[in-house]
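A structural walkthrough
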Amino acid sequence: MPEYLKTICRFAVETDFEDLPPGVVDGAKKVLYDTIAAIAAGAQHREPREMARRLGAYSPREIASVIGQKRKMDPLNAALLNGTSGTWLELDEGNQFARGHAGIHVVPVALAVGEEKGVSGKELIAAIVLGYEMACRIGIASKLRMTMHPHGSWGTVGAAVTVGKLMGIDVESMITLVNIASSMTLATSRKTMLEGGTVRNLYAGVSGSMAILAFHLLESGFTGEEDGIGSVYGGVVSDSFNPAAMTEALGTRYEITRNYFKAYACCRYNHSSLDALYRIMKQQKEGVLRPEDVESVQVETYSLAAQLSSRKPRNMLAAKFSIPFAIATTVVHGHSGVESFLPEKVEQKEIQELAARVQVEERAEFTQMMPARRPSRVTVRLKNGETFTETVWVSKGDLEDPYTEEELDRKFIDLTEPVYGLEKAKEILDRAKRVESYKDVRAFTEGF
């Protein structure tokens, strides 16, 4: 058994809320309420609601909240539904160093199991931090194959650590749980996001449900490999794995403090291009760039973003993974919020016509700056001959240019007010900001 696995599992078992620095606790609470908002808003769409209706017939145990749908189910199905809803709008947070989204894998599981067990708010926060840590460190230590989508991969192991922490298992059991969960990684396809295959939105939800199942397998006597992480992420789904990265600065550098938050309702790879576009829009008269005045738009960006080059996405999901569409709908609507990426916008003629005039290409020097930076250069040529160019090196919301707490609060209210009403939305936000004061998280989640 490798030493890194013993070390990180011991850290997960022995670290408690009282051991966490204040900045880590604060970061975890932001991830908690930001994820709740993404889930609640995403849950209002047709597919998650129909999914909940169908699964409800097989889930008579009303234990864990299906957020935004005013119902409860068994923890496994609640985690499945909440993880799925939370990815629907592409507004969940992520970690640029891990190259994926840890929060949407661990928070739904923490809430579902936390409600079942009646854990305290302090236990909830510790479990989120430690599951997030495990997930991101695997993401940092490995390099998933380019054909893989990160959802449903290392998040499964992180979510399993969250479950194990909440259930109070010992170090040896945590090692076994991690080894079991490693083999439950999904064979996720990156093409789903590019082609608009909405099965992609299921990956994080399945990952959470697999984490809970992994715990029940552990309790049933199942075992895994001696080094499940090294095996799966060292050759099955990843091109490489660096064990040293699993324990580097462990306990002094927490990944949950190195994350990013999203204000634009689309893939993170779009964001630096949109940030550059906003700078150009501000230079126009009254801050408005009229689509009929635009001759062409050129986007130079890093490799992963350059893949998002489709000019005619077939549905809402594909539109969220299209830089031409994101640029066009932002110009037409003046913002990159939820309304700019609704299903009906995909067929809007004005957006389609402008998207057809957007060219995306990779710039090698930008690719070399990843993952610390994800730059984009946008050049807008107007029909009157004027040209505007802006380069963004760090996306808004990243570690180097974070959103303020007030901006994150505004995002929460904007997403949850249509679901709960303004007063209830404010109340839930207030609860999240003092979650550590709850003796039982079921009081925290009441009415979710």
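Anything mentioned here points back to the structure above.
This report concerns the structure included in the present document. For clarity, every value in this text was computed on a predicted model and none was experimentally measured.

**Digging into the pairing of strand β5 (residues 294-301)**
Relative to strand β7 (residues 376-382), β5 runs antiparallel, the two being bridged by seven bridges. The residue bridging Q298 from the neighbouring strand is T379, located in β7. The pairing of β5 with strand β6 (residues 358-362) spans five bridges and is parallel. Looking across to β6, one finds that V297 is bridged to V358.

**Observations concerning the packing of helix α6 (residues 121-141) against helix α7 (residues 154-167)**
If you want to describe how two helices pack, look at the angle between their axes and the distance between the axes. Interhelical geometry of α6 versus α7 gives an angle of 150° and a closest axis separation of 7 Å. Our classification of the angle between α6 and α7 gives roughly antiparallel. Classified by chirality, the crossing of α7 by α6 is right-handed. On α7, the residues that touch E123, L124, A127, I128, L130, G131, M134, A135, C136, I138 and G139 of α6 are W154, G155, V157, G158, V161, T162, K165 and L166.

**Regarding the sheet that holds β7**
The strands that make up a sheet are held in pairs by hydrogen bonds between backbone atoms, and each pair lies either parallel or antiparallel. Spatial strand order, β6-β5-β7-β8: four strands in an open sheet with mixed pairing. Each edge of the sheet is formed by a strand with only one pairing partner; in this case those strands are β6 and β8 (387-392). Averaged over all adjacent pairs, the angle separating strand axes in this sheet is 15°, with direction ignored.

**Some words on the pattern of salt bridges**
Tallying each qualifying case throughout the model produces 30 salt bridges. Across the salt bridge formed by E300 and R363, the nearest N and O atoms sit 2.7 Å from each other. Within this pair, whereas E300 is found in strand β5, its partner R363 is found in the loop between β6 and α17 (364-367), the two being separated by 63 residues in sequence. E300 sits in the buried class, given a relative accessible area of 11%. Judged by its relative accessible area of 26%, R363 is partly exposed. Residue R442 is joined to D440 by a salt bridge in which the shortest nitrogen-to-oxygen separation is 2.9 Å. Among the residues examined, R442 registers a relative accessible area of 38% and is labelled partly exposed. Its relative accessible area of 24% is what places D440 among the partly exposed residues. When salt bridges that share partners are traced, they join E50, R53 and R54 into one network.

**Overview of the packing of helix α18 (residues 405-420) against helix α19 (residues 422-433)**
Look at α18 against α19: their axes get within 8 Å of each other, and the N-to-C directions meet at 135°. One finds that α18 runs oblique with respect to α19. In terms of crossing hand, the pair formed by α18 and α19 is right-handed. Residue-level contacts link E405, D409, F412, I413, T416, E417 and Y420 of α18 to L422, K424, A425, K426, I428, L429 and K433 of α19.

**Topic: the environment of I428**
Relative to the assigned elements, I428 resides in helix α19. On the basis of relative accessible area, I428 is assigned to the buried category, the value being 1%. Remark: the alpha-carbon pair of I428 and I36, spanning 392 residues in sequence, is separated by 9.4 Å. Apart from the residues within four sequence positions on either side, I428 is in contact with F412, Y420 and F448.

**Some details on the nonpolar core**
In this structure, L32, M134 and I229 are the most contacted members of the largest nonpolar core, which totals 143 residues. Top contributing element to this core by residue count: α6, with 13 residues. Ignoring anything within four residues of it in the chain, the contact list for I229 reads Y4, L5, M134, I138, V157, V178, N179, S182, G234, F241 and M246. Among the nonpolar cores identified, the runner-up in size contains seven residues, and A52, V66, M73 and V206 belong to it.

**Thoughts on the packing of aromatic side chains**
According to the stated counting rule, one finds nine aromatic pairs in the structure shown. A ring pair is formed by Y269 and Y302, whose centres lie 6.1 Å apart and whose planes are at 85°; its orientation type is edge-to-face. In this pair, Y269 is assigned in the loop between β4 (238-241) and α12 (271-282) and Y302 in the loop between β5 and α13 (303-306), connecting sequence segments 33 residues apart. The exposure class assigned to Y302 is buried, which follows from its relative accessible area of 1%. A cation over a ring is seen here: R258 above F97, with NZ or CZ 3.9 Å from the ring centre. Sitting over the face of the ring of Y260, R268 holds its NZ or CZ atom 4.3 Å from the ring centroid.

Thresholds applied
- Residues numbered from 1 in each chain as written.
- Predicted model: local features only at pLDDT ≥ 70, side-chain atom pairs only at ≥ 80, totals over all residues.
- Heavy atoms only, no water.
- Pairing = 2+ DSSP bridges.
- Helix = DSSP H or I, 4+ residues; strand = E, 2+ residues; numbered from the N terminus.
- Axes fitted to C-alpha atoms, helices over the stretch in contact; angles between N-to-C directions.
- Parallel < 35°, antiparallel > 145°, perpendicular 65-115°, else oblique.
- Left-handed = near helix turned anticlockwise from the far one by under 90°.
- Contact = heavy atoms within 4.5 Å.
- Salt bridge = Lys/Arg side-chain N within 4 Å of Asp/Glu carboxyl O.
- Buried < 20%, exposed > 50% of the residue type's maximum accessible area, 1.4 Å probe, protein only.
- Core = buried A, V, L, I, M, F, W, Y, C linked by side-chain atoms within 4.5 Å.
- Phe/Tyr/Trp six-rings, centres within 6.5 Å; stacked < 30°, edge-to-face > 60°.
- Lys NZ or Arg CZ within 6 Å of the ring centre and 35° of its normal.

Read these as layout, nothing more, since geometry by itself doesn't imply function.
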